[in-house]
Amino acid sequence: MNNNKHIYCPVCNTDCKKIIKDDIELDECTICKAVWFDPGELSATFEEKINDINDRKLTELICQVCFERLYAYEKVAGKLKIRIHGCEKCRGFWIDRKNIDLMENR
Ligand SMILES: [Zn+2]
Ligand SMILES: [Zn+2]
């Protein structure tokens, strides 16, 4: 993991700050509170929740690590619809605040 890289929010185009969650260092947007997960930083519980993706499409958002376009993944679990973004090159994930809350509250 390279801790010196600088992550900008692909939505707000602003600097992210480092946060520590479950002993993992993540990058959180100071405006929209979305979080960038480096490859392998997604916790096991999160990973389990994004298994069996129902839908996947290419978006205009850009990965801040390798500058590839991010995919939007959608998973429907009962009444819950989780939407996250992922880079298929570096395998990092970009998840907005609303969807982080959805995943954490289950
Ligand atoms: Zn943002
Ligand atoms: Zn990437």
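Residues numbered from 1 in each chain as written. Chains lettered and ligands numbered in written order. Predicted model: local features only at pLDDT ≥ 70, side-chain atom pairs only at ≥ 80, totals over all residues.

The next subject is the overall build of the chain. From N to C terminus, the chain includes two helices and seven strands. Counted from the first residue to the last, the chain has its helices and strands arranged as β-β-β-α-β-β-β-β-α. Rg of the C-alpha trace for the chain: 13 Å, near the compact-globule value of 13 Å for 106 residues, within the 12% margin. Projected onto its principal axes, the C-alpha coordinates of the chain cover approximately 40 × 30 × 25 Å. (Helix = DSSP H or I, 4+ residues; strand = E, 2+ residues; numbered from the N terminus. Rg over C-alpha atoms; globule rule 2.2 N^0.38 Å.)

Another aspect to go through is the UniProt feature "domain: Transcription factor zinc-finger" (unreviewed entry) in the chain. Here the UniProt feature "domain: Transcription factor zinc-finger" (unreviewed entry) sits at residues 9-44. Here residues 9-44 runs as 3% helix and 42% strand, with 24 Å between its end C-alpha atoms. (UniProt positions renumbered as here; feature names shortened; annotations may be inferred.)

Turning our eyes to something else, we now look at the pairing of strand β6 (residues 80-86). With seven bridges connecting them, strand β5 (residues 69-77) and β6 associate as antiparallel partners. In the strand pairing of β6, glutamate 74 is matched with arginine 83. Connecting β5 to the antiparallel partner β6 that follows it, the hairpin turn spans two residues, and glycine 78 within it adopts a positive phi of roughly 65°. Relative to strand β7 (residues 93-95), β6 runs antiparallel, the two sharing two bridges. In the sheet register, histidine 85 faces β7, and the bridge partner there is tryptophan 94. Connecting β6 to the next strand, β7, in antiparallel fashion are six residues, including arginine 91 with a positive phi near 70°. (Pairing = 2+ DSSP bridges.)

Turning to the sheet that holds strand β2 (residues 24-29), a few remarks are in order. If you walk across this open sheet you meet the seven strands as β1-β2-β3-β7-β6-β5-β4, and the pairing is antiparallel. With one partner strand each, in any of the chains shown, β1 (16-21) and β4 (55-62) form the two edges of the open sheet. Within this sheet the neighbouring strands show an average axis-to-axis angle of 35°, counted without direction. (Axes fitted to C-alpha atoms, helices over the stretch in contact; angles between N-to-C directions.)

All right, on to the environment of isoleucine 62 then. Mapping isoleucine 62 onto the fold places it in strand β4. Considered as a pair, isoleucine 62 and histidine 6 are 56 residues apart in the sequence and their alpha carbons are 14 Å apart. Apart from residues lying up to four places away in sequence, isoleucine 62 is in contact with Pro10, Phe67, Arg69 and Leu70. (Contact = placed C-beta atoms within 7 Å.)

One non-glycine residue with positive phi stands out, namely asparagine 13, at about 60°. For asparagine 13, the location among the structural elements is in the segment before β1. A count of 9 C-beta atoms within 10 Å places asparagine 13 in the exposed class. Residues other than glycine seldom take positive phi values, yet aspartate 23 does so here, at roughly 65°. For aspartate 23, the location among the structural elements is in the loop between β1 and β2. (Buried ≥ 20, exposed ≤ 12 C-beta atoms within 10 Å, placed from the backbone.)

Another aspect to go through is the nonpolar core. If you look at the biggest cluster of nonpolar residues, it comprises 18 residues, and the most contacted ones within it are Ala34, Trp36, Phe37, Phe93, Trp94 and Ile95. Going through the elements one at a time, β3 (35-37), β6 and β7 are the ones with two or more residues in this core. For tryptophan 36, the contacting residues outside a window of four places in its chain are Ile7, Cys16, Leu26, Asp27, Gln64, Gly92 and Trp94. (Core = buried A, V, L, I, M, F, W, Y, C linked by C-beta atoms within 7 Å.)

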